[in-house]
Amino acid sequence: MAMSPDLKARLEEVEARFNAVERELADPNIVANQENFMKRSKEHAELSQLVECFRSYNKYEQELGQNRLLMADDDEELAALAGVEVEQAETALVDLEQRMRLLLLPQDPRDEKNVVLEIRAGTGGDEAALFAAELLRMYLRYAELKRWKTEILSQHPTNAGGFKEVIALITGRGAYSQLKYESGAHRVQRVPATESQGRVHTSAVTVAVLPEADEVEVDIKPEELRIDYFRSSGPGGQHVNTTDSAVRITHLPTGLVVSCQDEKSQHKNKAKALKVLAARLLEKMEQEQQAALAANRRSQVGSGDRSERIRTYNFPQGRVTDHRIGLTIYKLEEVLVGELELIIPHLVAYFQAEALKSSAA
């Protein structure tokens, strides 16, 4: 099946732009201007993968035509060899077209951002809080495997060793692109340590993955904030209940409240709380924009509705099930020690396919 004329024309435009940028990068005037040179270099890198695919496509298409002619040759051995080459070329063309369609999809501008990860215990009391701690370890270990940096911004631990709420910053290229589908309700099914009858209990933890906000994206005016200082409370830390180091920030226009008490310094706690507040405000702004764009936005790809039950971790069966894509794997222990590559690539592929369907509609 030949590529549609519209798609081919679009790809030819991309290649023409790529060639123009390549010429500009050789221009001494562009090279001398560091800002322009960096801008062109970035554009060149962004277009290079698509152009490489398009050139490979054209090469295979040319070879396909030649081999189809050879299939009619009187030399049976040559004709058979040409038939094999035709099959390989046809497969390569289908794969390359699919890949190019994906590369042409509008990129989520947030994909390269760092992540503010919020984990909260839901239904299930201490058992939910304990599982919140396990999910935190899972994500921190995944970040370590990806060579990303992590920092705890805020935590509200329980006496049993879990968390009512914990917020972490994950810093690394592409962190949001890989973690953005983790937002939602995570359900755990297992026998709690305190259960004498051996009955399986179901608890829930909610996860929110927010892109870290840049200063230019969210303008937080000092006069819109109410900042309260108070003494830290809760288990752990010699500084707890000794100084007014804890900070609570209320954003008056929206009513959003963020508190942080992990550091001994008011200044550090305030900086961390402002980082979380900026991420929440960015998410709120984007949700309002999305709602204004279309009433059916919730049903579209990447809605990230936190109330949606997205995954179940079943301990008796050693099973993890992602309900959105119907994926079930019996590698619970591996997943909980950070091997999320068992799940995340499947999610990315699924939502990319959905985005392709939407773009074709």
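Structure shown above.
Computed from a predicted model, the values in this text were never measured in an experiment.

Participant: Just checking my understanding: could you explain the overall build of the chain for this structure?
Facilitator: For the chain, the helix and strand inventory stands at nine helices and eleven strands. For the chain, the proportion of its 361 residues judged to be buried stands at 39%. Of all intrachain contacts in the chain linking residues separated by at least 6 positions in sequence, the fraction that spans at least 24 positions is 60%. Of the roughly 20500 Å² of accessible surface on the chain, 49% is carried by carbon and sulfur atoms.

Participant: Help me understand the pairing of strand β4 (residues 184–190) in this model?
Facilitator: In the case of a regular strand, side chains alternate between the two sheet surfaces. Counting buried positions along β4 yields six of seven residues, so the element is predominantly enclosed. Judged from the seven bridges that link them, β4 and strand β5 (residues 201–211) form a sheet pairing that is antiparallel. Bridging across to β5, R190 finds its partner in H201.

Participant: What is the right way to look at the pattern of salt bridges in this model?
Facilitator: Side-chain pairs of opposite charge can arise whenever the charged atoms involved come near each other. By the definition in use, this model includes 23 salt bridges. Close ionic contact of E118 with R120 constitutes a salt bridge, the shortest N to O distance being 2.8 Å. The class for E118 is buried, based on a relative accessible area of 1%. Residue class for R120 comes out partly exposed when judged on its relative accessible area of 21%. D228 is the partner of R226 in a salt bridge, and the nearest nitrogen-oxygen pair spans 3.6 Å. For R226, a relative accessible area of 43% translates into the label partly exposed. Salt bridges here are not isolated pairs; linked through shared partners, they connect E118, R120, E165 and R280.

Participant: Is there a simple way to explain the packing of aromatic side chains in this structure?
Facilitator: In this description, an aromatic ring pair is defined by two values, namely the gap between the centres and the angle between the planes. Under the defined criterion, the tally for this structure stands at four aromatic pairs. Seen in terms of ring centroids, Y181 and F351 are 4.3 Å apart; in terms of plane orientation they differ by 15 degrees. Their pairing is stacked. Taken together, the residues span a long stretch of sequence, with Y181 in the loop between α6 (175–179) and β4 and F351 in helix α9 (residues 344–360) at a distance of 170 residues. This pair shows no difference in class: Y181 is buried, exactly as F351 is. Linked through ring pairs, Y181, Y350 and F351 together constitute an aromatic cluster. The ring of F315 carries R190 above its face, with NZ or CZ at 4.6 Å from the centroid.

Participant: Please clarify how the pairing of strand β2 (residues 149–157) should be interpreted in this entry.
Facilitator: Direction of pairing for β2 relative to strand β3 (residues 163–171): antiparallel, over a ladder of eight bridges. Bridged to I152 within β3 is A168. Hairpin connection from β2 to β3: five residues lie between these consecutive antiparallel strands, with G161 at a positive phi of about 100 degrees.

Participant: Mind showing me how you'd approach the sheet that holds β2 here?
Facilitator: Within a sheet, each strand pairs with its neighbour through backbone hydrogen bonds, oriented either parallel or antiparallel. With mixed pairing, the eight strands of this open sheet are ordered in space as β2-β3-β1-β5-β4-β9-β10-β11. Every interior strand has two partners, whereas the edge strands, β2 and β11 (327–329), have only one. Across the sheet, the mean angle from the axis of one strand to that of its neighbour is 15 degrees, orientation sign disregarded. Here strand β10 (residues 319–322) runs beside β11; their pairing, made up of three bridges, is antiparallel. Counted as the bridge partner of T321 is T328 from β11.

Thresholds applied
Residues numbered from 1 in each chain as written. Predicted model: local features only at pLDDT ≥ 70, side-chain atom pairs only at ≥ 80, totals over all residues. Heavy atoms only, no water. Helix = DSSP H or I, 4+ residues; strand = E, 2+ residues; numbered from the N terminus. Buried < 20%, exposed > 50% of the residue type's maximum accessible area, 1.4 Å probe, protein only. Contact = heavy atoms within 4.5 Å. Areas by Shrake-Rupley, 256 points an atom, 1.4 Å probe, with all protein chains shown as cover. Pairing = 2+ DSSP bridges. Salt bridge = Lys/Arg side-chain N within 4 Å of Asp/Glu carboxyl O. Phe/Tyr/Trp six-rings, centres within 6.5 Å; stacked < 30°, edge-to-face > 60°. Lys NZ or Arg CZ within 6 Å of the ring centre and 35° of its normal. Axes fitted to C-alpha atoms, helices over the stretch in contact; angles between N-to-C directions.

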